[in-house]
Amino acid sequence: MTRAIIVAIAVYIAADAIFDRLLEPFGLGYLHAFGAMFVGMLAGGYLARRGFLPVALGLNLAFSALTYGVVAQMRDQPVLELIAAQHPMVSLGSFAGAALGALAGMRWRRARAAAAGPAAPV
């Protein structure tokens, strides 16, 4: 599970930078975080197979809390005031990305394992 978490975070960070550069010229820069979260959690869900969904949502909650805390500190604004000023779909979109990515990764891993057939006895 630890390896899946590390991979999910690393893939998220890399995908965030890549998607930001790819989508910004088309005016779709706002989608980079959702896409990065989905791809990162897809990788983590693939590696962890099952049980990654609560961890993915926990990671997303931690990233969101850290982001809100840092931005509020930078703006010298209370965190609750910042959260109230943001559209709720911003946070819900990344939670949906985390959940969908983790579910897709887990299902993809199970489908590949089922297609490979039962493991040969050693």
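Refer to the structure above for everything that follows.
Right, let's walk through the structure included here. Since this is a predicted model, take the numbers as computed values, not measurements. (Residues numbered from 1 in each chain as written. Predicted model: local features only at pLDDT ≥ 70, side-chain atom pairs only at ≥ 80, totals over all residues. Heavy atoms only, no water.)

### Considerations on the packing of helix H1 (residues 2-23) against helix H3 (residues 52-75)
Two elements in contact, H1 and H3, have axes separated by 11 Å at closest approach and are oriented at 45 degrees. Between H1 and H3, the crossing angle belongs to the class labelled oblique. Between H1 and H3 lies a crossing of right-handed hand. Listed contacts from H3 to Ala4, Ile5, Ala8 and Ile9 of H1 are Phe52, Val55, Leu59 and Phe63. A class-by-class count of the residues in the contact of H1 with H3 yields eight nonpolar, no polar and no charged. (Axes fitted to C-alpha atoms, helices over the stretch in contact; angles between N-to-C directions. Helix = DSSP H or I, 4+ residues; strand = E, 2+ residues; numbered from the N terminus. Parallel < 35°, antiparallel > 145°, perpendicular 65-115°, else oblique. Left-handed = near helix turned anticlockwise from the far one by under 90°. Contact = heavy atoms within 4.5 Å. Nonpolar A, V, L, I, M, F, W, Y, C, P; charged D, E, K, R; others polar.)

### Considering the packing of aromatic side chains
Evaluation of the coordinates by the stated rule reveals one aromatic pair. Ring centres 4.8 Å apart and planes at 45 degrees place the aromatic pair Tyr46 and Trp108 in the tilted group. With a gap of 62 residues between them, Tyr46 in helix H2 (residues 32-48) and Trp108 in helix H5 (residues 88-116) connect regions that are remote in the sequence. With relative accessibility at 43%, the residue Trp108 sits in the partly exposed group. Above the face of the Tyr46 ring, Arg109 is positioned so that its terminal group lies 5.1 Å from the ring centre. (Phe/Tyr/Trp six-rings, centres within 6.5 Å; stacked < 30°, edge-to-face > 60°. Buried < 20%, exposed > 50% of the residue type's maximum accessible area, 1.4 Å probe, protein only. Lys NZ or Arg CZ within 6 Å of the ring centre and 35° of its normal.)

### Examining the environment of Ala10
Relative to the assigned elements, Ala10 resides in helix H1. For Ala10, a relative accessible area of 45% puts it in the partly exposed group.

### Points about unusual backbone geometry
Phi angles above zero are rare outside glycine, and Asp76 is one such case at about 55 degrees. In this structure, Asp76 sits in the loop between H3 and helix H4 (79-85). Owing to a relative accessible area of 73%, Asp76 belongs among the exposed residues under this scheme.

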